[in-house]
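Listed below are the residues making up each chain.
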Amino acid sequence: MLKMNTDSRFFSGLAEMEMESRIGPLLHRYADFNFEIDYSNGSIVFWREMVANSDGTEEPAYIKVSRGEENLFIWCFFLAIARWAIDGQEAYDWVQYLYIDDPISSLDVTTHP
C-alpha cells in the first residue's frame, strides 16, 4: 500500500478528476497490475487478479508491488497530474513550474585510479 499526504494541496481534488482513469492507460502500457485509490484514507492498493471470496463474489487479491513497479506507478501518477497542470486544469492552476529530479544520479560513483 502507498500512502498519500492528504494534507498536501498537490492531492486536492483528485477524486473529482477521476484519477484512476488518467493513470490507468499510462500504467497499463508498462505494467500488468491494477490499483485502487482510497481518497478518504489517502491510500493506494494494488492487485493482479480477482479471486472469489467466501460468499462467491470477486474481490482483488492484493499484492505488494516491487520497488520498480512502485516507481513506475508514481511516475504515471506524476505524469497524469503534470498533464493537468500543463493543460491549465483549475485544480492545478497554481502550478508554475514542474521540476524533475533524478535521485539516482546523485548516487553515481566514479572511481579514480
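Residues numbered from 1 in each chain as written. Predicted model: local features only at pLDDT ≥ 70, side-chain atom pairs only at ≥ 80, totals over all residues. Heavy atoms only, no water.

(A) Highlighting the pairing of strand S3 (residues 43-52). Bridge count between strand S1 (residues 2-3) and S3: two bridges; the pairing is antiparallel. Following the sheet pairing, Leu2 is matched in S3 by Ile44. Counting the residues in the hairpin turn of strand S2 (residues 34-38) and S3 gives four residues, including Gly42, whose phi is positive at 70 degrees. The pairing of S3 with strand S4 (residues 58-63) spans five bridges and is antiparallel. Within the sheet, the bridge partner assigned to Trp47 lies in S4 and is Tyr62. Where S3 folds back onto S4 in an antiparallel hairpin, the turn is made up of five residues, including Gly56, whose phi is positive at roughly 90 degrees. (Pairing = 2+ DSSP bridges. Helix = DSSP H or I, 4+ residues; strand = E, 2+ residues; numbered from the N terminus.)

(B) Inspection of the packing of aromatic side chains at higher detail. In total, this model carries seven aromatic pairs according to the counting rule given. With a centroid separation of 6.3 Å and 85 degrees between ring planes, the pair formed by Trp47 and Tyr62 is classed as edge-to-face. Separated by 15 residues along the polypeptide, Trp47 in strand S3 and Tyr62 in strand S4 bring together distant segments of the chain. With a relative accessible area of 12%, Trp47 lands in the buried category. Between Trp75 and Phe78, the aromatic rings sit 5.7 Å apart at their centres with planes inclined by 90 degrees, giving edge-to-face as the arrangement. (Phe/Tyr/Trp six-rings, centres within 6.5 Å; stacked < 30°, edge-to-face > 60°. Buried < 20%, exposed > 50% of the residue type's maximum accessible area, 1.4 Å probe, protein only.)

(C) The side chain of Glu69, seen in detail. Relative to the helices and strands, Glu69 resides in helix H2 (residues 67-87). By relative accessible area, Glu69 is classed as buried at 19%. Within the structure, the side chain of Glu69 is placed 2.8 Å from the backbone nitrogen of Ser66, a separation counted as a polar contact. For Glu69, the residues in contact, after removing those within four places along its chain, are Asp32, Phe33 and Arg48. (Polar contact = N/O pair within 3.5 Å; in protein donor to acceptor, adjacent residues only side chain to side chain. Contact = heavy atoms within 4.5 Å.)

(D) Summary view of the confidence of the model for the protein. Of all residues in the protein, 89% attain a pLDDT of 70 or more, and the chain-wide mean is 84. Taken together, the stretch residues 108-112 has pLDDT below 50 and engages in zero contacts with residues farther than four places along the chain or on a different chain. (pLDDT = per-residue confidence, 0-100.)

(E) The arrangement of helix H1 (residues 19-27) in detail. All buried positions along H1 are accounted for by Met19, Ile23, Gly24, Leu26 and Leu27. Tucked into the core, H1 has its buried residues touching S2 and H2.

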